[in-house]
Amino acid sequence: MSYLDNILFAILLILGGGYFAGNVKKLIRNIKLGQDVNRSDNPSERWKNMAMIALGQSKMVKRPIAGILHIFVYIGFVIINIEVLEIVIDGLFGTHRVFSFMGGFYDFLIGSFEILALLVIVAVVTFWIRRNIVKLKRFIHNDLNGWPRNDANYILYFEVVLMTLFLVMNAADLHLQTIGAPGYESAGAFPVSQFIAPMFDGMSESLVHLLEKGAWWLHIGGIMVFLNYLYYSKHLHILLAFPNTYFANLKPQGQFDNLESVTNEVKLMMDPNADPFAAPAPDADAAPAKFGASDVQDLNWVQLLNAYTCTECGRCTSSCPANQTGKKLSPRKIMMDTRDRLEEVGRNIDSNKGVFVPDNKSLLNDYITPEELWACTSCNACVEECPVNISPLSIIMDMRRYLVMEQSAAPTELNAMMTNIENNGAPWQYNQMDRLNWKDEA
Ligand code: SF4
Ligand code: SF4
């Protein structure tokens, strides 16, 4: 590599890395728009969840075919990135396969990378067929119309191109090693690209050198583009699955969060000896400025992290009883809408010198309708199915809480039940004293 190549490569790294860092900053700023919630308890269980679910993909393999293929792609990407480290060092210092001093272990590594690259291509082609030829129901759902469907396909094309470039680069390198080209000392084992290398037979050394460098530049350039594309794609989960599983709710799935201030108020109402004029206990929670959530800033930061982490896989929607019975609700759409609105709020802040200027829009009504929210049975199937521990239900419940407590906009059936609880201490329409009347009629 010439000095000019080294300098160009350093510029590429700085530009690619800089743009990515800018997007990460924006991402963190947007997530911090959420309300505070404490998820620092039980760190050992949190680390374990992260290791099992994000690293070990334990929930992915509940659907074995997709799970195993996804593991190929995932391990392929993680491990092949070790090779990227070598590419970066070679690019900056003009060396050739700088890690080859490891001898037999290096051969093992390069050989494993090649086999993984081939498995990634097989997995990605299968994924493409499932989406575009077999047309699995969860991939042709309306939720994915437009950009989300294109995004899913673009990334599959991207992965095939990156892996192919990697194998072509190795094949050209192997050819140059075999003919003893200067600077291409023998290093690495090439169980897959050795079958591609014969296509260079008969070509001039300079042409093969050019093709090798071309594949090298396109491969590393492609990785930089991929890195910066992540922010705009559902593939952000590659990075966010780790914090998302770490900070996920550890409480039993059926346990809902109560608002302390409301609980205290109800306790006071139910206690015949309570003094309604007594000063509140010093540690009693003050009533929040707003009950529930009507926009993304009312949700907590973990819910916003959930929205950015959603892989749009649709496992939640395909197991949602409301969706299965034709209701308007799709838990995947709840997460996609939350992310879209959060991005809109972020752009608003960007274009108004760091301050959010009200835009007469909100997550409720402009993105998610009450009809969707009230269709939820709160069964938790979506939470159980999610491969990265996202809870669409928690967002649904917070938005319902807003409808009930801030707008008194519960469905008629629910209002009747709540009036009965208030008047009769039970959801039914008769007095508590009449509860046992049935036995007299027997
Ligand atoms: S909790 Fe609600 S959104 Fe989730 S699967 Fe059940 S009905 Fe669907
Ligand atoms: S919430 Fe989970 S299950 Fe649902 S689409 Fe997103 S990642 Fe998939």
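If you're wondering where the values come from, they're calculated on a predicted model, not measured in any experiment.

(A) Local environment of the overall build of the protein. A tally of helices and strands in the protein yields 18 helices and zero strands. Oriented by its inertia axes, the alpha-carbon framework of the protein measures out at about 100 × 55 × 40 Å. When burial is assessed residue by residue, the protein has 44% of its 442 residues classed as buried. In the protein, the share of contacts with a sequence separation of at least 24, taken over all contacts with a separation of at least 6, comes to 76%. As displayed, the protein offers around 23,200 Å² of accessible surface, 64% of which is attributable to carbon and sulfur atoms. Taking the average location of the 36 positive side-chain charges in the protein and that of its 45 negative ones, the two points are 4 Å from each other.

(B) Spotlight on the pattern of salt bridges. Scanning all chains against the criterion turns up 18 salt bridges. Residue E384 pairs with K62 through a salt bridge whose shortest N-O separation is 3.1 Å. Of the two residues, E384 is situated in helix 15 (residues 381–385) and K62 in the loop between helix 2 (43–55) and helix 3 (64–93); the sequence distance between them amounts to 322 residues. The shortest N-O distance in the salt bridge between D337 and K333 comes to 2.5 Å. One end of the pair is D337 and the other is K333, both in helix 12 (residues 331–351) and four residues apart, which spans about a single turn. Since its relative accessible area comes to 22%, K333 is described here as partly exposed. Among the ionic contacts, a cluster of salt bridges with common partners joins D295, R341, E344, D359 and K361.

(C) Fine view of helix 1 (residues 3–31). Under the 1.5 Å per step criterion, the end-to-end length of helix 1 is 42 Å for 29 residues, consistent within 8% with the ideal 42 Å. Here helix 1 has its buried residues at N6, F9, G16, N23, L27, N30 and I31. On its buried side, helix 1 packs onto helix 3, helix 6 (205–229), helix 7 (237–246), helix 9 (301–309) and helix 12.

(D) Inspection of the environment of L393 at higher detail. For L393, the location among the structural elements is in helix 16 (residues 392–405). C-alpha of L393 to C-alpha of A381: the two residues are twelve residues apart in sequence and 9.2 Å apart in space. Ignoring any residue separated from it by four or fewer positions in sequence, one finds L393 in contact with F256, C376, S378, N380, C382 and V383.

(E) How the structure looks around the environment of T309. Residue placement: T309 occurs in helix 9. Using a relative accessible area of 0% as the deciding quantity, one classes T309 as buried. Along the primary structure T309 and L239 are separated by 70 residues, whereas in three dimensions their C-alpha atoms are 8.3 Å apart. Residues in contact with T309, not counting those within four places in the same chain, are H237, L240, A241, N244, V388 and I390.

(F) Representation of the side chain of N49 within the structure. For N49, the position within the fold is in helix 2. Ignoring any residue separated from it by four or fewer positions in sequence, one finds N49 in contact with A54, T245 and L250.

(G) Structural view of the site of ligand 1. Lining the immediate environment of ligand 1, one finds 13 residues, of which C320, C376, T377, C379 and C382 sit closest. Of all the secondary-structure elements, those providing two or more residues to the shell around ligand 1 are helix 15 and helix 16. Tallied by class, residues from the shell around ligand 1 come to ten nonpolar, three polar and no charged.

(H) Region of the structure containing helix 2. Residues R46, N49, M50, I53 and A54 constitute the buried set of helix 2. Along the axis of helix 2, the buried residues cluster in a sector spanning 100°; they form a single face. Of the exposed residues in helix 2, those oriented more than 90 degrees away from the buried face are S44, W47, K48 and L55. On its buried side, helix 2 packs onto helix 3 and helix 7.

(I) Spotlight on the nonpolar core. By size, the foremost hydrophobic cluster in this structure holds 93 residues, and its most contacted members are Y308, L329 and M399. With twelve residues, the top contributor of residues to this core is helix 5 (residues 147–178). Both domain 1 (3–38 + 49–232) and domain 2 (260–277 + 288–431) contribute no fewer than three residues apiece to this core. Those residues in contact with Y308, other than ones at most four positions away along the chain, are L27, N30, I31, Y231, L236, L240, R339, L342 and E343.

(J) Structural context of the packing of aromatic side chains. This structure, assessed with the given rule, holds eleven aromatic pairs. With 5.2 Å between their ring centres and 90° between their planes, Y231 and Y232 make a pair best called edge-to-face. Site record: aromatic cluster; members linked through ring pairs are W47, Y246, F247 and W301. Here the basic side chain of R131 rests over the ring of F139, its NZ or CZ set 4.1 Å away from the ring centre. Of note, K213 hangs over the ring of W216, and the distance from its end group to the ring centre comes to 5.9 Å.

(K) Looking closely at the UniProt feature "transmembrane region" (unreviewed entry) in the protein. Under the UniProt annotation, "transmembrane region" (unreviewed entry) lies at residues 6–24, 65–89, 109–129, 154–172 and 214–232. Span residues 6–24 is 100% helix and 0% strand, its end C-alpha atoms 27 Å apart. As a span, residues 109–129 carries 100% helix and 0% strand, and end to end its C-alpha atoms are 30 Å apart.

Calculation notes
Residues numbered from 1 in each chain as written. Chains lettered and ligands numbered in written order. Predicted model: local features only at pLDDT ≥ 70, side-chain atom pairs only at ≥ 80, totals over all residues. Heavy atoms only, no water. Helix = DSSP H or I, 4+ residues; strand = E, 2+ residues; numbered from the N terminus. Buried < 20%, exposed > 50% of the residue type's maximum accessible area, 1.4 Å probe, protein only. Contact = heavy atoms within 4.5 Å. Areas by Shrake-Rupley, 256 points an atom, 1.4 Å probe, with all protein chains shown as cover. Lys, Arg positive; Asp, Glu negative; His and termini not counted. Charge placed at Lys NZ, Arg CZ, Asp CG, Glu CD. Salt bridge = Lys/Arg side-chain N within 4 Å of Asp/Glu carboxyl O. Expected span 1.5 Å × (residues − 1). Near = heavy atom within 4 Å. Nonpolar A, V, L, I, M, F, W, Y, C, P; charged D, E, K, R; others polar. Arc of directions from axis to C-beta. Core = buried A, V, L, I, M, F, W, Y, C linked by side-chain atoms within 4.5 Å. Domains from an automatic or database assignment. Phe/Tyr/Trp six-rings, centres within 6.5 Å; stacked < 30°, edge-to-face > 60°. Lys NZ or Arg CZ within 6 Å of the ring centre and 35° of its normal. UniProt positions renumbered as here; feature names shortened; annotations may be inferred.

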